[in-house]
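Descriptive structure summary
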Amino acid sequence: LLQVLAGVLSLQITSLDDFQTKMRSYNATSIGRSAGGLDIMHVTVLDNGADTPNVGIICNIAGNRLSSVNVCMSLIDSLINMDDTDLTLLLGSYNIHIVPNLNMDGSQKAFIDVNKGTTNSDGIDLTSAFPNLQENPSVDEANLPPEVKAVMGFLKSHNFQMVIVVGASATGVTFPLYHTNDDHEGIIDDAIHREIAKAAYNQNPNLDTSGCSVVGYGQGHSGRSSQGSGGEFSHVAGTLEDYVYLAHGSLTFHFCVACSVDTDTDVFDENKAVFTSLIGSADRGLSGRVVAPDGTGLKGAMVEAGDHVVWSGPDGYFWNPLIDGTYNVKISYGSYPEVHIPALEVEHATQLPLTVMGDISPPTTHEHFEQMNRTLHELSTEYPAITRLYSIGRSVEGRELLVLVIGKTPDKHVPGVPEFKYVGNMHGNEVVGRSLLISLAKLLCSNYNTDPRITKLLSTTRVHILPSMNPDGFETAVPVADSYNTNGRTNANGIDLNRNFPSQWNRNDIRSREPETEAIIRWLDQYQFVLSANLHGGSLVANYPYDDTVTGVNNGVYSQSPDDTFFKYVSRVYASNHPVMHKGEACTTDHTVQFPGGITNGNNWYTVIGGMQDYNYVFRDCLEITLELGCAKYPAGSFLPDFWSDNRKSLLEFMSAVHTGLSGFIKTPTGELVQDATIHVKENSKTVKSGVDGDYWRLLVPGTHELWAEKGGQRSRTVEVTVSDKYQVVYNFTLLESEAEWDETEHYVFEVPDEEQTPEPVIPMRIQEKITIVTETERTDGIKVTFTKHGTPVGTSLAESISCIVHGETVATSEGNTLAIPQGTFQSNTPTSVEFHGPSYYTTTKFLSGGESSVEVTMFPLPASLEYHTHEEMLGVFENVTRKCESLASVYDIGESAKKRELRVLRMSARDQTRGNTDSEKQRIKLVGGIHGNEAVGRESLINLIQYFCAAYSHDDLITKLLDTLDIHFLPSFNPDGFSIAEHDSWTQGRGNGNGYDLNRNFPDRVAQRVDPLQPETIAMMAWTRKKHFSTSISLHGGSLVACYPYDNSDNGLNVYSASPDDATFRYMASGYATSHPTMAKGLEVCDEDRFVGGISNGAGWYSLNGGMGDWNYLQAQTFEITVEMGCHKYPQTSELLSMYYGHYPALITHIKNSRQGFWGRVTDSGGSGIENTVVSGIGIDISARPDGQYWRIASPGNYSVTFSAEGFTEHVHEVNVEPVNWAHLAQPLTVNLIMRKSDIVNHDTDIDRETRLNMITHRYVVVSAVLIVTLGICIAIGLWRRKKRREEEKLQQDIEYRGLIQEGSDSE
């Protein structure tokens, strides 16, 4: 009894602490906190990586199921200590993540009284607190318990293939659904769930003989039927199990381990085999990996097997749970062609070979000249926008040497875009390269605008493919699968073409050149190729210059070129991405011949005099390597698919290497482009020259380099740059005449792009020039300024006039290189907004008072042109901005589109808290573009605005103050699926999302019942808006020129003015935008005869629409949103894009400024705590405060009587005078803070509650103390009784012994 009592006392005092101590010893991490503030701990037993299925185990959701906690803790111990063979064998095959105690609050109570603790500290039963996706597929996280949010985050971050929920108070293994409309509603994965549950259940016979509730089908079934569907024995809505299955598609089971819920129950040993069986079934069915053509794993690929659908997780791995059988499998991702695998036999755990999306079907026979020509012509005909087929000459026998050029601009060289080439079949009997290049051409063409990597490559590179340099030799070659066959090696004249080029060591070589050689030389004269590879056969290695030496034939001697380090680097790029080449195994029985890393210096292998790769490098500045693709020079056609599989990624990666190093333009001081300027690299004797357009490329290994350019007695400064293997540095050299400047070294830091996104050669928004205006310290006639660029005087006059504007009037204009702001411009030293305007520059704002001794103004040039960004390019811009402005910008996703594209937001807000408010105090606003995918001007305007904000912060006082005081969230592409298929000349193509729904008709409506299902974009927008508590928003559309405001529909559906309660404020916001646009407010734009007075319109007054985003924002999220139609053309041509952006830029700035219009504050109680859901009323709709008591009330200028109310608090009424925000003077709008007092009734009730709780606690301790005293008394009584009994027994024994002694004495006498 004392031992039991001691155990109970120990649980009352220390058991939760012991649990937490034990979890810390496991190095557990928190997935979140409970409602009571306790960490919910999680243990990762072993993580083998993305290619291993994830199993999640979550225990004690009900709170008082302490026996399940014990079992899960024992499971962790067993796995960590590897004390069970069967469980230990699981560790290498599964990633196991365990949450042993989800309901920390409940367990804290249950440790004291096991009959309590079935809820969290807020009184919520977690077993039914999860989103019921059967009834409502949209999830509003705002009102979910913190434990539920923690689990949802845990599930989302791990891509579980199986989740096991462990409980107690019954025994059995069940699975979803737990809430159904019928007695039993099966799920698509019912069969596989049932099979796994049955197998696991049978591992412990005690489960159905436990003498308590044996969960199962119900309706009289028992015994072995306990492995049933949860819906068969209960109808519980909102279970974790149903949520996991419906939201994530994971195999999901509820495992009840014991009848008893008490902590002293230990049933782990008898249930180990059940856990082993369940976990070991996580990979049942079909598994595999889905990748892009370059081998990058694709997350979100859809894998269908019959009715069973799953999506690939991180790095492209997937597991589709299936029972054994035959299935037709379909794999799809984005716009890639679908992959179909008919009649696939699945048995237990079947693994598919690697699935390459967008891959072509490589040939199984070799194409002769006529067939190859047909293939090239067909590609050119099928893809005319990105291909051009041309001939560089003819072979000896008259066969054309056809080249297919592939790129965004195939017909001409674009300045800044490098030229790349592949050459195959130089030796006619080395045929693998010929086939590979034809397959590569097909891959590039078919995946342009489908695969992001290939699209980026072809958008920034012009690729020339010559599949056969020696077609005559090929026609005479004999298929022999060895490395020694020579039939067809030479051209028709018997000349080895790879010995026919001029040699650097013998420039007096007078040998005649073959027609094929002459064609290549002319080709190199015509194009400025940067990087190249020549595809051969007979070995397996990447071979780089030099191929010979100054002394001639000298095999086995390393002949190093000036760019030896880069040649080795780029050769490894190819070899390391080849599954075999990087191993360095030569095609010989002599195992002493090896190629470390799969690369070799040419002459170090064997000497080649007159080779093509050396000619490219020495005479034409093109860095070329030679690729030996296999031991068999002419293998059978059936092996070609294997060669393609081995070389596909290497071919793509090598092409991308053309963007490694430095590129740019050579210019004169006046901006003229310089041809044939020489680019030098310090400590490298090799120079390259700029092309006819002044562009240059200098391929360099990652690291720091010093470079300069020169021509004709002029030279640039030396620039020190750091080269990365992730992107190409862009730098423009300026040739200078002054020798004093030549020796200056500039330390140049490049604006780093996204690792996965090579920048366009002409980078939009990259600021290269700026005008600096500096006031003279002494002045008598106001402010006199002079102009400089980078500190260097600009000369006697400016290229363009700069105007100074104050209060809307021009007060000064530059003359020559000076500008004088007259006296009287500033009054009483009051901060005044001063704008500097230049036709080719963004307007720069400075807040001046007139008393400054010096002022510096930086003006940034407007972009010379704009182009549309693909989705991937937009993400690259985001990454670029976050790196350049890391203290301002960050990115996050709010969800995915219907086609699994990221809905990515870029957030901008200054993090230097000395300059503005803390993040929690800042007002949040959002700017949204592209709700209709084909209305693209807003999308591009926001992308460019983001980049300008990054550049202008700390230079432009207005932009700086906006970012210091606001928390601005940009979502440029709300409908990326629609944009991806939009067309310039189509009014409707791309308007809807990936499922074809109009997102601006998809929101819950105040009047009409929604018919269409909520789309993933809509759900993401609603959750995001509610979570962030945005005060204002703008949605950018196209098709007209007007600023619209709520309501968007009328009660009767007619096109009549439908005023919202905040009509005046909305009109103020819309007018602010319209009047800041050069033409919108005039109402002159005619789009389908639409005219709008003042450039604004009530939504329903124009046309009534149901399900609009603006009305939902206003009514459901209290976010004041206006809709702006940005022009008659929804998806204008690129040539129109720039002027439209120019017009809307100042209007967007005005809208952001007007987001501060109104008043704000914080409502707290007497203790300083924020009062959540305080209602601010009296102006339009009621506004609720944030959880911290902070509120923002958007309001047009005027006087208002405002009421503040909160349940349980005394109501307050304030008179508020709202004035226009003066951004030059104020950092904040009007602030109204308030301390609210609790009402007397509430205080009295609170006192009663407090006294009641105190009495309950006192009563509890009295009862516990009484029990302890009585128990102690019983123990003492038992002890005294046993002591008395023992003494009586001892006395009796003594008497017996004494009597025995007496008897012995008598006998002796």
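Residues numbered from 1 in each chain as written. Predicted model: local features only at pLDDT ≥ 70, side-chain atom pairs only at ≥ 80, totals over all residues. Heavy atoms only, no water.

Comments concerning the nonpolar core
Of all hydrophobic cores here, the largest spans 91 residues; its most connected members are M908, F949, F970 and Y1073. Tallying contributions element by element places helix 21 (residues 937-952) first for this core, with 10 residues. Residues contacting M908, with those up to four places away along its chain left out, are V881, L888, A889, I946, F949, C950, L963, L966, D967, I968 and F970. M23, I31, I192 and L240 belong to the second largest nonpolar core, which has 77 residues in total. (Core = buried A, V, L, I, M, F, W, Y, C linked by side-chain atoms within 4.5 Å. Buried < 20%, exposed > 50% of the residue type's maximum accessible area, 1.4 Å probe, protein only. Helix = DSSP H or I, 4+ residues; strand = E, 2+ residues; numbered from the N terminus. Contact = heavy atoms within 4.5 Å.)

Let's talk about the state of the cysteines
A covalent bond between the sulfur atoms of two cysteines is referred to as a disulfide. Going through the model one piece at a time under the given rule, you end up with two disulfides. With a sulfur-sulfur separation of 1.8 Å, C59 is cross-linked through a disulfide to C72. Residues C59 and C72 are joined by a disulfide whose S-S torsion is about -90°; by sign, that bridge is left-handed. Pair noted here: C59 is in strand 3 (residues 54-59) and C72 is in helix 2 (residues 66-81), with a separation of 13 residues, a long-range link. C72 matches C59 in its accessibility class, with the two residues each being buried. Here C885 connects covalently by a disulfide to C950, the sulfurs 1.9 Å from one another. Torsion about the S-S bond of the C885 and C950 cystine: about 85°, corresponding to right-handed handedness. (Disulfide = S-S within 2.5 Å.)

What to know about a positive patch on the surface
A contiguous patch of positive charge, built from K149, K156, K299 and K1027, is present on the exposed surface. By the secondary structure assignment, K1027 is in helix 24 (residues 1016-1028). When its relative accessible area of 62% is taken as the criterion, K1027 is described as exposed. (Patch = residues over 30% accessible without salt bridge, like charges linked within 9 Å, V, L, I, M, F, W, Y side chains within 5 Å. Areas by Shrake-Rupley, 256 points an atom, 1.4 Å probe, with all protein chains shown as cover. Salt bridge = Lys/Arg side-chain N within 4 Å of Asp/Glu carboxyl O. Lys, Arg positive; Asp, Glu negative; His and termini not counted. Charge placed at Lys NZ, Arg CZ, Asp CG, Glu CD.)

Remarks on the packing of aromatic side chains
When we look at a pair of aromatic rings, we describe it by the centre distance and by the angle of the planes. This model, assessed by the stated rule, comprises 43 aromatic pairs. Considering the side-chain rings of Y333 and Y336, the 6.0 Å spacing of their centres and the 35° angle between planes classify their relative orientation as tilted. According to the relative accessible area criterion, Y336 is buried, its value standing at 4%. Considering the side-chain rings of Y574 and F654, the 6.4 Å spacing of their centres and the 70° angle between planes classify their relative orientation as edge-to-face. Linking Y574 in helix 15 (residues 564-576) with F654 in helix 18 (residues 640-656), this pair joins segments that are 80 residues apart in sequence. Accessibility classification places Y574 together with F654 in one group, the buried group. Through successive ring pairs, a cluster of aromatic residues spans Y390, W523, Y527 and F529. Across from the ring centre of F369, 5.9 Å away, lies the NZ or CZ of R399, which sits over that ring. Positioned above the aromatic ring of F979, the side-chain terminus of R939 is 3.7 Å from the ring centre. (Phe/Tyr/Trp six-rings, centres within 6.5 Å; stacked < 30°, edge-to-face > 60°. Lys NZ or Arg CZ within 6 Å of the ring centre and 35° of its normal.)

Some remarks on unusual backbone geometry
Of the consecutive residues P545 and Y546, the connecting peptide bond is found in the cis state with omega at 0°. In this structure, Y1047 follows P1046 across a cis peptide bond, with omega equal to 0°. With respect to the secondary-structure elements, Y1047 resides in the loop between strand 48 (1040-1045) and helix 25 (1063-1076). Despite not being glycine, K900 shows a phi value in the positive range, around 70°.

Focus on the confidence of the model for the chain
Counting all residues, the mean pLDDT for the chain is 82, and 81% of those residues have values of 70 or more. In the predicted structure, residues 913-918 sits below a pLDDT of 50 and forms 10 contacts with residues beyond four places in sequence or in another chain. Within the model, the stretch residues 1241-1263 combines pLDDT values under 50 with three contacts to residues more than four positions away or in other chains. (pLDDT = per-residue confidence, 0-100.)

Some points on the sheet that holds strand 7 (residues 251-258)
As summarised here, the arrangement of the seven strands in space is 1-2-4-3-5-7-6, forming an open sheet in which the pairing is mixed. Two strands bound the open sheet, and with one partner strand each, they are strand 1 (29-33) and strand 6 (170-174). On average, adjacent strands in this sheet sit at an angle of 20° to one another, irrespective of strand direction. Judged from the five bridges that link them, strand 3 and strand 4 (residues 95-99) form a sheet pairing that is parallel. (Pairing = 2+ DSSP bridges. Axes fitted to C-alpha atoms, helices over the stretch in contact; angles between N-to-C directions.)

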